Amino acid sequence: MLPKVKSATTSSRSSTAERASGPATPIQYVKGVGPKLGALLASRGIATVKDILHFFPRAYEDRTRLLRVSELKDGEKASTAVRVLSSRKIPTRFGKSILEVRTGDTSGTLSLKWFHAPRGMESRFLPGIQIIVTGSVKSYMGRLEIVHPEITWNVSTDTGESAPGAANDAAASEAGNPNMGRVVPVYTEIEGITSRVLRRVLWEAVEKYITTLSEDLPERFLRQHSLPPISESIRTIHFPPDSRDFSIANLVEFNDPAHWRLIYEEFFKFEYLVLRQRLRMEKDPAATFGLAGGLVALKELESLLPFKLTRDQERAVSEILADLAEPHPMNRLIQGDVGSGKTAVAFLAASCVLAEGGQVALMAPTEILAEQHHRSAIRLFGGKLKTALLTGKTTNVERASLHARLAAGEPLLLIGTHAILEEIVQFKNLAFTLIDEQHRFGVEQRRTLRHKGTRLDPKTGKNIYPHTLVLSATPIPRTLALTAYGDLSLTSIRELPPGRSPVKTKIVSDRTERNQAYEQIRRELAGGRQAYFIYPLVNESEAEGFTQLKSVVVEAERLANEVFPEFRVGLLHGQMKPEEKALVMDLFQRNEIQLLVSTTVVEVGVDVPNATVIAIEHAERFGLSQLHQLRGRVGRGSWASTCFLFTHAGTGATANQRLGALERTTDGFEIAEADLEIRGPGEFLGTRQAGTLPFRLANLVRDKDWLIKARNDAAELLKFDPELTLPEHVRLRNFYEREGSIQFDRLKTS
Ligand code: ADP
Ligand code: MG
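Everything numeric here is computed off the predicted structure, so don't read it as measured data.

## Looking at the overall build of the chain
- For the chain, the helix and strand inventory stands at 28 helices and 23 strands.
- Burial analysis of the chain (750 residues in total) assigns 53% to the buried set.
- In the chain, 75% of the contacts between residues at least 6 apart in sequence involve partners at least 24 apart.

## Focus: the packing of helix H10 (residues 257–281) against helix H27 (residues 730–739)
- Two numbers describe how H10 lies on H27: the axes approach to 12 Å, and their chain directions differ by 75°. One way to sum up the angle between H10 and H27 is to call them roughly perpendicular. Residue-level contacts link Phe268, Lys269, Phe270, Tyr272 and Leu273 of H10 to Leu732, Phe735 and Tyr736 of H27.

## Quick notes on helix H6 (residues 195–209)
- If you check H6, its first and last C-alpha atoms are 20 Å apart, about what 15 residues at 1.5 Å a residue would give, namely 21 Å.
- Of all the 15 residues making up H6, 13 are buried; the element is thus mostly covered by neighbouring parts of the structure.

## Notes on the environment of glutamine 335
- Tracing the chain through its elements places glutamine 335 in strand E9 (residues 331–336).
- Look at glutamine 335 and you get buried, because its relative accessible area is 3%.
- Taking the C-alpha atoms as reference points, glutamine 335 and threonine 491, 156 residues apart in sequence, are found 6.3 Å from one another.
- With residues near it in sequence (within four places) discarded, glutamine 335 still touches Ser472, Thr474, Pro475, Ile476, Leu490, Thr491, Ser492, Ile493 and Phe669.
- Within polar-contact distance, the side chain of glutamine 335 engages the backbone nitrogen of isoleucine 476 at 2.7 Å.

## Focus: the confidence of the model for the chain
- For the chain, the mean per-residue pLDDT works out to 85, and 89% of the residues sit at or above 70.
- This stretch, residues 543–549, has a pLDDT under 50; its non-local contacts, to residues over four places away or in other chains, come to eleven contacts.
- Counting contacts from residues 745–750, a segment whose pLDDT is below 50, to residues more than four positions away or on other chains yields 23 contacts.

## Topic: the pattern of salt bridges
- Summed over all chains, the structure comprises 39 salt bridges.
- Note that aspartate 105 and arginine 68 form a salt bridge whose closest N and O atoms lie 4.0 Å from each other. Note that aspartate 105 is positioned in strand E3 (residues 97–105) and arginine 68 in the loop between strand E1 (59–62) and strand E2 (77–91), a separation of 37 residues in sequence.
- Note that glutamate 207 is salt-bridged to arginine 235, the shortest N-O span being 3.7 Å. Of the two residues, glutamate 207 is situated in helix H6 and arginine 235 in helix H8 (residues 230–238); the sequence distance between them amounts to 28 residues.

## Quick word on the nonpolar core
- In this structure, Leu41, Ile52, Phe267, Phe268 and Leu414 are the most contacted members of the largest nonpolar core, which totals 93 residues.
- In terms of residue count, the dominant contributor to this core is H10 (eleven residues).
- By size, the runner-up hydrophobic cluster in this structure holds 38 residues, among which are Leu301, Leu321, Phe347 and Leu369.

## Regarding the side chain of arginine 276
- Counting through the fold element by element, arginine 276 comes out in helix H10.
- There is no salt bridge for the buried arginine 276, and the closest opposite charge comes from glutamate 723, which lies 4.7 Å off by N-O distance.

## Some words on the sheet that holds strand E20 (residues 569–572)
- Taken in spatial order, the six strands line up as E18-E23-E22-E19-E21-E20 in an open sheet, and their pairing is parallel. The sheet is open, and its two borders are formed by strand E18 (504–508) and E20, each paired with just one other strand. Here the average twist between neighbouring strands, direction ignored, is 20°.
- Here five bridges tie E18 to strand E23 (residues 642–646), and the two strands are oriented parallel to one another. Of the residues in E23, the one forming a bridge with lysine 506 is phenylalanine 644.
- With respect to the sheet, helix H18 (residues 511–526) is in contact with E18, strand E19 (530–534), strand E21 (595–598), strand E22 (611–616) and E23, its orientation differing from that of E23 by roughly 150°.

## Here we look at the environment of serine 136
- Relative to the helices and strands, serine 136 resides in strand E5 (residues 130–140).
- Spatially, the C-alpha atom of serine 136 lies 9.9 Å from that of glutamate 150, the residues being 14 residues apart in sequence.
- When near neighbours in sequence (up to four residues on either side) are disregarded, serine 136 contacts Glu76, Lys77, Glu145 and Ile146.

## Overview of unusual backbone geometry
- The phi angle at serine 226 is positive, at roughly 50°, despite the residue not being glycine.
- Mapped onto the elements of the fold, serine 226 is located in the loop between helix H7 (219–224) and H8.

## Some remarks on the environment of leucine 571
- With respect to the secondary-structure elements, leucine 571 resides in strand E20.
- Along the primary structure leucine 571 and serine 598 are separated by 27 residues, whereas in three dimensions their C-alpha atoms are 5.8 Å apart.
- Here leucine 571 is in contact with Val552, Val553, Ala556, Met576, Val584, Leu596 and Val597, once residues within four sequence places are set aside.

## Digging into the site of ligand 1
- Close contacts around ligand 1 come from 16 residues, with Gly339, Lys342, Thr343, Arg500 and Asp607 the closest.
- For ligand 1, an oxygen atom lies 2.6 Å from a polar atom in the backbone of glycine 339.
- Within the side chain of threonine 343, an N or O atom sits 2.6 Å from an oxygen atom of ligand 1.
- Its free accessible area being 570 Å², ligand 1 has 87% of it covered by the protein chains.
- Per-class residue counts for the shell around ligand 1 are four nonpolar, six polar and six charged.

## A look at the packing of aromatic side chains
- For the coordinates displayed, the defined rule picks out 19 aromatic pairs.
- Consider the rings of phenylalanine 347 and phenylalanine 381, whose centres lie 6.0 Å apart with planes at 80°: the pair is edge-to-face. Here phenylalanine 381 lies in helix H14 (residues 367–381) and phenylalanine 347 lies in helix H13 (residues 342–355), a separation of 34 residues in the sequence. Each member of the pair phenylalanine 347 and phenylalanine 381 is classed as buried.
- Here the aromatic cluster, defined as three or more aromatic residues joined through ring pairs, consists of Phe221, Trp260, Tyr264, Phe268 and Trp706.
- Note that arginine 220 overlies the ring of phenylalanine 221, its terminal NZ or CZ placed 4.5 Å from the centroid.
- In this structure, arginine 494 is placed above the aromatic ring of phenylalanine 669, and the distance from its NZ or CZ to the ring centre is 4.0 Å.

Analysis parameters
Residues numbered from 1 in each chain as written. Chains lettered and ligands numbered in written order. Predicted model: local features only at pLDDT ≥ 70, side-chain atom pairs only at ≥ 80, totals over all residues. Heavy atoms only, no water. Helix = DSSP H or I, 4+ residues; strand = E, 2+ residues; numbered from the N terminus. Buried < 20%, exposed > 50% of the residue type's maximum accessible area, 1.4 Å probe, protein only. Contact = heavy atoms within 4.5 Å. Axes fitted to C-alpha atoms, helices over the stretch in contact; angles between N-to-C directions. Parallel < 35°, antiparallel > 145°, perpendicular 65-115°, else oblique. Expected span 1.5 Å × (residues − 1). Polar contact = N/O pair within 3.5 Å; in protein donor to acceptor, adjacent residues only side chain to side chain. pLDDT = per-residue confidence, 0-100. Salt bridge = Lys/Arg side-chain N within 4 Å of Asp/Glu carboxyl O. Core = buried A, V, L, I, M, F, W, Y, C linked by side-chain atoms within 4.5 Å. Lys, Arg positive; Asp, Glu negative; His and termini not counted. Pairing = 2+ DSSP bridges. Near = heavy atom within 4 Å. Areas by Shrake-Rupley, 256 points an atom, 1.4 Å probe, with all protein chains shown as cover. Nonpolar A, V, L, I, M, F, W, Y, C, P; charged D, E, K, R; others polar. Phe/Tyr/Trp six-rings, centres within 6.5 Å; stacked < 30°, edge-to-face > 60°. Lys NZ or Arg CZ within 6 Å of the ring centre and 35° of its normal.

Here is the structure:
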């Protein structure tokens, strides 16, 4: 049952001696592991002592107390010390057999059962030997039994015999027993390696190597938060002290000092890097703007606006201007709900740079959006803001002339899609890059754009970097602002422009309510307004397993022919060609289509103030932030607007409750926090990028308080020893030198 290790350890004695000293020791050299088990563990990512020490239990069992058989209760998990009375194999049909072992103590008998018992197992249950049995007790036909119990062999000194394989338990019990008389860890099985085997390996690893783990954290911070040293944390997590001193429930929920310490460590190590990165970027050179006539130009444009900026917009503009006036690149994120007027802020900032001869690029995720921005620049400012549009639709002739103008350095606000990123598009003096709906772009695309604006300063021989402003309509939960976006400065626009009536939101879950909703939509359309119908999927084939999901194509037909035959209905989905999409969008914008049936392609930024209703089918399938964004398509004009969230029979109570948050609040920041709790960071970062957040134990929702502490401490450390040269920070510096900051590099937002 247990691997033999003798030959392996002797044959590689010298290398063992070399490597046996620290946490980097290959797992196979841990006593009781050996090459075979070692290879198996390594194939699952547990290659070293350090790895296994960080392979944490999924649960614990309190085996501090052994029960007598008479104390065992049906349905409870328990441990008891019993003597083997007899064993037998009961043949079943199909040539299999059940192994039944009868055991007992002076208070009663207990039967143990194995279906498909491993070959030869029965020979270990010699009548008379003492064993400890752990498992879930069942009462079966009036008799107590445990199916597939865990057995601790050779626990009593009064049996002369030692069962095969028992030597390992005996060895372990020299320094206490990992399996008995304590709170015992339960591990997730790895490739058939049982929790019990893993427990023994960990017992050895903890005993032998725990003191070799490097204490990377400055002692000062640990003391300040009353957190234990690394060795004590890891030991407690695997083999907690007596259960009277603490709660297993807390341990399982990571709610104890041992876990807190590790959580804090993950956050601290990450925050130090993020903040150091930010400090370094803040030292890079950049051109300054706003000091040579840019402000005047900006004021002039502002006076052309048909509205007055809100206070939040004004604050955003002044924060950006302050950044532009610095000889270091701006790296700022403006987050504000849909309709909060981020675009106007971006245009004004751009005008300041243009007026002083800099080029500006504004990249949007879709053609529809890029065109809309271009149109509104013209609508708002006429020719006063010099703009050009570059998308997949731009003709070759237009393109060639545009390329030439950009290369010649003409101060221009180039609005476009990722077409801007093409190699052939070269700017002479791209000083300011703007990214709309930035979460729609990958890190690489954002970097490419920044790179286009990086150029060599002939005077200093150093690179000059562009200023970067990213816009996001998905408010980011505070914890993500501190982690995934930790290297950016933040501006929040919370206030919506005046004259908007908040969108009323209603969950629609049955047929009657649905018909009422249809009638309300009919009244709106008859009154000259427009409506969106949003569906999660394009074709039924995508919905395998969700056959109830309605296909947008089929539904568009039904709505057009049966429900709203008196109105013009258009269809928009992701599988249409860009020019088809643009045509439909254009018709909708001009109110030649009253009802737009669409997948979530309209999600971002589309601005049709005349639309007053949005109905979202299968709302339960969307994240709250996404629904909130969709809802922001309406309520852009002065009419009262409504958002219907259609849910379907079979939508669970929790899903409906979750959607209730949208009925209660229109504050995107509040919704973002709720969404993070329910759906995790992938909802905000995209699954791929969220996967690069290097937190194994720490949880952004549960451990928020530790994140903030770690952030503050890292900032403090950066103030008095940024390069970690003091002796008390050497181990932390060694950690970064050893492990690098690879994960962090992939995360950087700019
Ligand atoms: P978003 O923040 O979602 O990108 P937009 O910039 O598209 O929002 O603005 C939404 C609409 O509000 C646009 O039609 C814009 O012209 C208008 N708008 C922006 N700022 C104001 C304001 N201060 N007062 C009135 N309307 C405004
Ligand atoms: Mg926008």
